[in-house]
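# Coordinate analysis (summary)
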Amino acid sequence: MQGSISGVEIRGIESAVPANTVDNEELAKNLGDKRATKQVRLTGIRHRHVTTGGQTATDLATVAGERLLSKLEWNRDEIRVLIYVTQSGDLNRPGSAFLIQKRLGIGKQCLIFDINQGCAGYVIGLSVIGSLLSQNGGKGLLFVGESNAIEDNTDNHNAMLDGDAAAATALEYTGSEVELRFRHDGDGERAKLLFCRHDGRGRMDGNAVLLFGLSDVAAMIHEFLTEEDENEIDCFVLHQAQKMIVEGVVQEAGIPRDRVIQSCEEYGNTSSASIPLTLCVHQEKLQGKERLKVFMCGFGIGLSWGCVQTEIRSDAIGDVTLSDYIYDDRDEFKI
């Protein structure tokens, strides 16, 4: 699927990560495992932020949302759609988007739902909420977040990839000439390459996922971008799977390396939150121009991959909040 949405703009982005940090280099050293040490070098993931004490991605998403709404000074009764992209919700049902709505005091005249998506979730969420606002007008909030990471002192090498994070993005129909171009592909035939069952058991075929990035994802980017696009784009942001995959996709797709920003070294693979988190990590660097032409690409579980290209005011990009806050409404659900 591909298309273009006119008149919907990103008005603000805020990110939040757990205050608790894991040092992968120290972890590998303690394990005394040469493979773990090599993995840190190849993936580039030296540190990760991991939730503790019952904190969840929904807590982080709400913290980011509170900062965002306070900065924008939006009337919370005017928000017409609230979407939360996550695969680690607080409840089986209803969607955790309803918890965020309650905590933030969002009005009742609002469409609220979760999207069960992973690493392509941010670009998918932008397209979904953009489409809704283009038809109905008004303001909307997109939340993304995961809290699957663990402080693992065993030889579970996959655990050294994941970090926890969340982000909140405000969008508004302004009727301007700003366009949000998108393309999304998916392949359920390869769902077995990367999955997790209800009992928590799962699998990732690392080599197959790497080849997926170097072939399907790189090909989509190459097809999506024209030569004119590449010259005009100020900032390329890819899902932060790990350094080796990101750099491989960049090379295969022919993206200018000097305009690619990354965050996986300090935050790990934060799934659907990795794109907005990366923008916030580089907030100061991106302040050179008033308006930025940004290309974003998410890819992963599903298998699913997609691109979004749009324009964002540089002052709409917020920073990264360190938080250990846990909301006190869990007793209502016996969580």
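Scroll up a little and you will see the structure.
None of these values were measured; they are calculated from a predicted model.

This paragraph deals with the overall build of the chain. Along its length, the chain carries 10 helices and 16 strands. A compact globule built from 335 residues would reach a C-alpha radius of gyration of about 20 Å, and the chain, at 19 Å, matches this within 12%. Based on the C-alpha atoms only, the size of the chain along its principal axes is roughly 55 × 55 × 40 Å. Expressed as a percentage of the 335 residues in the chain, the buried residues total 55%. Restricting the contact set of the chain to residue pairs at least 6 apart, pairs at least 24 apart contribute 80%.

With that settled, consider the packing of aromatic side chains. As enumerated under the stated definition, the model contains four aromatic pairs in all. Pairing Phe-224 with Phe-295 gives two aromatic rings, centres 5.8 Å apart and planes at 50°, and the pair type is tilted. Of this pair, Phe-224 sits in helix α6 (residues 206-224) while Phe-295 is found in strand β14 (residues 291-300), placing the two residues 71 residues apart along the sequence. Residue Phe-295 is classed as buried on the basis of its relative accessible area, which comes to 0%. In this structure an aromatic cluster arises from ring pairing among Phe-224, Phe-236 and Phe-295.

Time to look at the environment of Leu-238. With respect to the helices and strands, Leu-238 occurs in strand β12 (residues 235-238). On the basis of relative accessibility, which here comes to 0%, the residue Leu-238 falls in the buried class. For the pair Leu-238 and Ala-120, spaced 118 residues apart in the sequence, the C-alpha separation amounts to 9.8 Å. Apart from the residues lying within four places of it in its own chain, the contact partners of Leu-238 are Ile-221, Val-246, Val-249, Val-250, Ile-255, Ile-275, Cys-297 and Phe-299.

Once that is clear, we can look at the nonpolar core. Residues Leu-126, Leu-279 and Met-296 are the most contacted members of the largest nonpolar core, which totals 38 residues. If you look at the next biggest cluster of nonpolar residues, it comprises 25 residues, including Phe-224, Leu-238, Val-260 and Cys-307.

It is possible for side chains bearing opposite charge to pair when their charged atoms get close. Counted by the stated rule, this structure contains 23 salt bridges. Across the pair Asp-216 and Arg-190 runs a salt bridge, and its minimum N-O distance is 3.0 Å. With Asp-216 in helix α6 and Arg-190 in the loop between β9 (179-186) and β10 (194-196), this pair connects stretches of sequence that are 26 residues apart. Beyond isolated ion pairs, a larger network of salt bridges with shared partners links Asp-59, Lys-102, Arg-103, Asp-329 and Glu-332.

Below, the discussion takes up the pairing of β9. As defined by bridge partners, strand β1 (residues 2-6) adjoins β9 across five bridges and the pair is classed as antiparallel. When the bridges of β9 are listed, Ile-5 appears paired with Leu-180. Bridge count between β9 and strand β15 (residues 304-313): six bridges; the pairing is antiparallel. Each residue of the ladder has a partner; that of His-184, found in β15, is Gly-306.

Cis geometry marks the peptide bond from Arg-93 to Pro-94; its omega dihedral reads 0°. Following the sequence through the fold, Pro-94 ends up in the loop between β5 (79-85) and α4 (97-104). Omega for the bond connecting Gly-302 with Leu-303 falls within 30 degrees of zero, at -10°, which places this linkage in the cis form. In this structure, Leu-303 sits in the loop between β14 and β15.

This part takes up the packing of α6 against helix α8 (residues 243-253). Relative to each other, α6 and α8 sit at 40°, their axes nearing to 8 Å. Here α6 is positioned oblique relative to α8, judged by the angle of their axes. You can see that α6 and α8 cross each other, and the crossing is right-handed. The residues of α8 that touch α6, namely those facing Leu-210, Gly-213, Leu-214, Val-217, Ala-218, Ile-221 and His-222, are Ile-245, Gly-248, Val-249, Glu-252 and Ala-253. Residue composition of the contact of α6 with α8, grouped by class: eight nonpolar, three polar and one charged.

Remark: helix α3 (residues 57-72) packs on α4, axes separated minimally by 10 Å, with the N-to-C direction vectors making an angle of 40°. Judged by the angle between their axes, α3 and α4 are oblique. Along this stretch, α3 crosses α4, giving a crossing that reads as right-handed. Across the interface between the two elements, Thr-58, Asp-59, Ala-61, Thr-62, Gly-65, Glu-66 and Leu-69 from α3 touch Leu-99, Ile-100, Arg-103 and Leu-104 from α4. The residue makeup of the contact of α3 with α4, split by class, is five nonpolar, three polar and three charged.

Considering the arrangement of structural elements, one finds Gly-118 in the loop between β6 (111-115) and α5 (121-136). In this structure the C-alpha to C-alpha distance between Gly-118 and Ala-19, which are 99 residues apart in sequence, comes to 23 Å.

This next bit is on the side chain of Ser-147. In this fold, Ser-147 is placed in the loop between β7 (139-146) and β8 (165-173). Here the side chain of Ser-147 touches Ala-57 through a polar contact of 3.1 Å, landing on its backbone nitrogen. For Ser-147, the residues in contact, after removing those within four places along its chain, are Thr-51, Thr-56, Ala-57, Ser-88 and Asp-164.

Rules of the game
Residues numbered from 1 in each chain as written. Predicted model: local features only at pLDDT ≥ 70, side-chain atom pairs only at ≥ 80, totals over all residues. Heavy atoms only, no water. Helix = DSSP H or I, 4+ residues; strand = E, 2+ residues; numbered from the N terminus. Rg over C-alpha atoms; globule rule 2.2 N^0.38 Å. Buried < 20%, exposed > 50% of the residue type's maximum accessible area, 1.4 Å probe, protein only. Contact = heavy atoms within 4.5 Å. Phe/Tyr/Trp six-rings, centres within 6.5 Å; stacked < 30°, edge-to-face > 60°. Core = buried A, V, L, I, M, F, W, Y, C linked by side-chain atoms within 4.5 Å. Salt bridge = Lys/Arg side-chain N within 4 Å of Asp/Glu carboxyl O. Pairing = 2+ DSSP bridges. Axes fitted to C-alpha atoms, helices over the stretch in contact; angles between N-to-C directions. Parallel < 35°, antiparallel > 145°, perpendicular 65-115°, else oblique. Left-handed = near helix turned anticlockwise from the far one by under 90°. Nonpolar A, V, L, I, M, F, W, Y, C, P; charged D, E, K, R; others polar. Polar contact = N/O pair within 3.5 Å; in protein donor to acceptor, adjacent residues only side chain to side chain.

Interpretation note: all reported values are geometric properties and have no functional meaning in isolation.
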